[in-house]
Amino acid sequence: MLELGAGIGCFTGELAKKAGQLIALDFIEGAIKKNESINGHHKNVKFMCADVTSPYLNFLPESVDLIFSNWLLMYLSNEEVQDLAERMVKWLKVGGYIFFRESCFRQSGDHKHKNNPTHYREPNIYTQKVGYEDGMGFQGYLDIV
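Residues numbered from 1 in each chain as written. Predicted model: local features only at pLDDT ≥ 70, side-chain atom pairs only at ≥ 80, totals over all residues. Heavy atoms only, no water.

Re the nonpolar core
Residues Leu4, Val52, Ile67, Leu84 and Trp91 are the most contacted members of the largest nonpolar core, which totals 18 residues. Elements with a minimum of two residues in this core: strand E1 (2–4), strand E4 (64–70), helix H3 (78–91) and strand E5 (92–101). Looking at this core, the element that brings in the most residues is H3, giving four residues. Filtering out sequence-adjacent residues up to four positions away, Val52 remains in contact with Leu4, Leu25, Leu57, Leu72, Leu76, Leu84 and Arg87. Counting residues in each nonpolar core, the second largest holds ten residues, with Ala6, Leu22, Val45 and Phe68 among its members. (Core = buried A, V, L, I, M, F, W, Y, C linked by side-chain atoms within 4.5 Å. Buried < 20%, exposed > 50% of the residue type's maximum accessible area, 1.4 Å probe, protein only. Helix = DSSP H or I, 4+ residues; strand = E, 2+ residues; numbered from the N terminus. Contact = heavy atoms within 4.5 Å.)

Regarding the sheet that holds E4
Pairing in this open sheet of five strands is parallel, and the strands run E3-E2-E1-E4-E5 from one edge to the other. Of all strands in the sheet, those bounded by a partner on one side alone are strand E3 (45–49) and E5. Between one strand and the next, the sheet's axes are offset by a mean angle of 15°, whatever the strand orientation. Inspection of the sheet shows strand E2 (residues 22–26) paired to E3 by five bridges, in the parallel sense. In the strand pairing of E3, Asp26 is matched with Cys49. Helix H2 (residues 29–39) contacts E2 and E3 of the sheet and is inclined by roughly 165° relative to E3. The sheet contacts of H3 involve E1, E4 and E5, and relative to E5 the element is tilted by about 140°. (Pairing = 2+ DSSP bridges. Axes fitted to C-alpha atoms, helices over the stretch in contact; angles between N-to-C directions.)

What to know about the pattern of salt bridges
A full pass over the atoms with the stated rule returns four salt bridges. A salt bridge links Lys17 to Glu14, with the nearest nitrogen and oxygen atoms 3.0 Å apart. With a gap of three residues between them, Lys17 and Glu14 both fall in helix H1 (residues 12–18), about one helical turn apart. On the basis of relative accessibility, which here comes to 58%, the residue Lys17 falls in the exposed class. (Salt bridge = Lys/Arg side-chain N within 4 Å of Asp/Glu carboxyl O.)

A closer look at the environment of Trp91
Of note, Trp91 is situated in helix H3. Given the relative accessible area of 1%, Trp91 is considered buried. Placed 29 residues apart in sequence, Trp91 and Glu62 show a C-alpha to C-alpha distance of 4.7 Å. Apart from residues lying up to four places away in sequence, Trp91 is in contact with Leu2, Leu57, Asn58, Phe59, Leu60, Pro61, Glu62, Ser63, Val64, Ile67 and Leu84.

Functional significance is not addressed by these values, which are geometric in nature.
As structure tokens, then:
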């Protein structure tokens, strides 16, 4: 299992209870260290500080059963979301799942921020099929469940 944007571990502990192996990944070193201090007692969790937008972040094709993220995609540009989605489909085992939770439509809270890095997309943006071709003619697709 792969948790992208794991932060301080709000979901890591619960995911660890269900996973054979879990990689909890976040690009903020302080957050991933806090996560490890909270959830490090789970021996099946590996904590990783890395940026999901980096082309150097890679996992073996078809090596992950479930990819989970919470409020991650809304901090990425449209191009970064497309690139990450294509890579996630490659990492996912046939029959695996990608689960993500996002804020859609508009920002939450009771006042506007001067600098808000989030992209509040319409939900239908996330319900389009994503696919890839591996160069040998094989095409893999992500279906919405």
